Amino acid sequence: FTVVVRRVDGLDREGLRALADAAKSKLGDGVVFLAGEIGDGRVAMVAAVTPGAAKKAPAGSLVKQLAPLVGGGGGGRADFAEAGGKEPAKIADLLAAARPLIEKLLQA
């Protein structure tokens, strides 16, 4: 599995979705997790997961576990989920927690 975890600031939710989908289509099998500040002191995050990886690391579960780190919440399907938050200062903590969580789930 390939795991991509990146901070992307300056995109709106639609832009983040499009970027995550484009990255996922190039992966083969794996997880793309993107988060960034979208203005007004708000955080957006998206998780895009290929079908093979979704059995172990469903996107909805990922954002439910990670969103509280930036004072937010969200959810979605096994292959795609998004969430928001209101603490952009904690995006670095969010991304630092995302990779080990995703890798642990994929190895289970």
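Data block above holds the structure.
Residues numbered from 1 in each chain as written. Predicted model: local features only at pLDDT ≥ 70, side-chain atom pairs only at ≥ 80, totals over all residues. Heavy atoms only, no water.

> Report on helix H4 (residues 91-107), specifying residues and quantitative values.
Between the first and last C-alpha of H4 there are 25 Å, a value that for 17 residues agrees with the 24 Å anticipated at 1.5 Å per step. At its buried positions, H4 is contacted by strand E1 (2-7), strand E2 (30-37), strand E3 (43-49), helix H2 (51-54) and helix H3 (59-66). (Helix = DSSP H or I, 4+ residues; strand = E, 2+ residues; numbered from the N terminus. Expected span 1.5 Å × (residues − 1). Contact = heavy atoms within 4.5 Å.)

> Go over the nonpolar core with me, naming the residues and quoting the values.
Considering soluble globular proteins, one finds that nonpolar side chains tend to be buried as a cluster. The biggest cluster of nonpolar side chains holds 28 residues, and the ones touching the most others in it are Val31, Phe33, Met45, Leu62 and Ile102. Among the elements of the structure, E1, E2, E3, H2, H3, strand E5 (80-85) and H4 are those that each provide at least two residues to this core. In terms of residues, this core owes the most to one element, H4, which gives eight residues. Ile102 has contacts with Val3, Val5, Val31, Phe33 and Leu62, leaving out every residue within four places of it along the chain. Leu16, Ala20, Leu27 and Val46 belong to the second-largest nonpolar core, a separate cluster that totals 11 residues. (Core = buried A, V, L, I, M, F, W, Y, C linked by side-chain atoms within 4.5 Å. Buried < 20%, exposed > 50% of the residue type's maximum accessible area, 1.4 Å probe, protein only.)

> Mind laying out the sheet that holds E5, listing which residues take part and the relevant values?
In any sheet, the strands associate via hydrogen bonds between backbone groups, in a parallel or an antiparallel arrangement. Strand order in the open sheet formed by five strands is E1-E2-E3-E5-E4, with mixed pairing between adjacent strands. The open sheet has two edge strands with one neighbour each: E1 and strand E4 (73-76). Neighbour-to-neighbour, the strand axes of the sheet open up by a mean angle of 10°, direction not taken into account. Summarising the sheet, E3 and E5 pair through six bridges and their orientation is antiparallel. (Pairing = 2+ DSSP bridges. Axes fitted to C-alpha atoms, helices over the stretch in contact; angles between N-to-C directions.)

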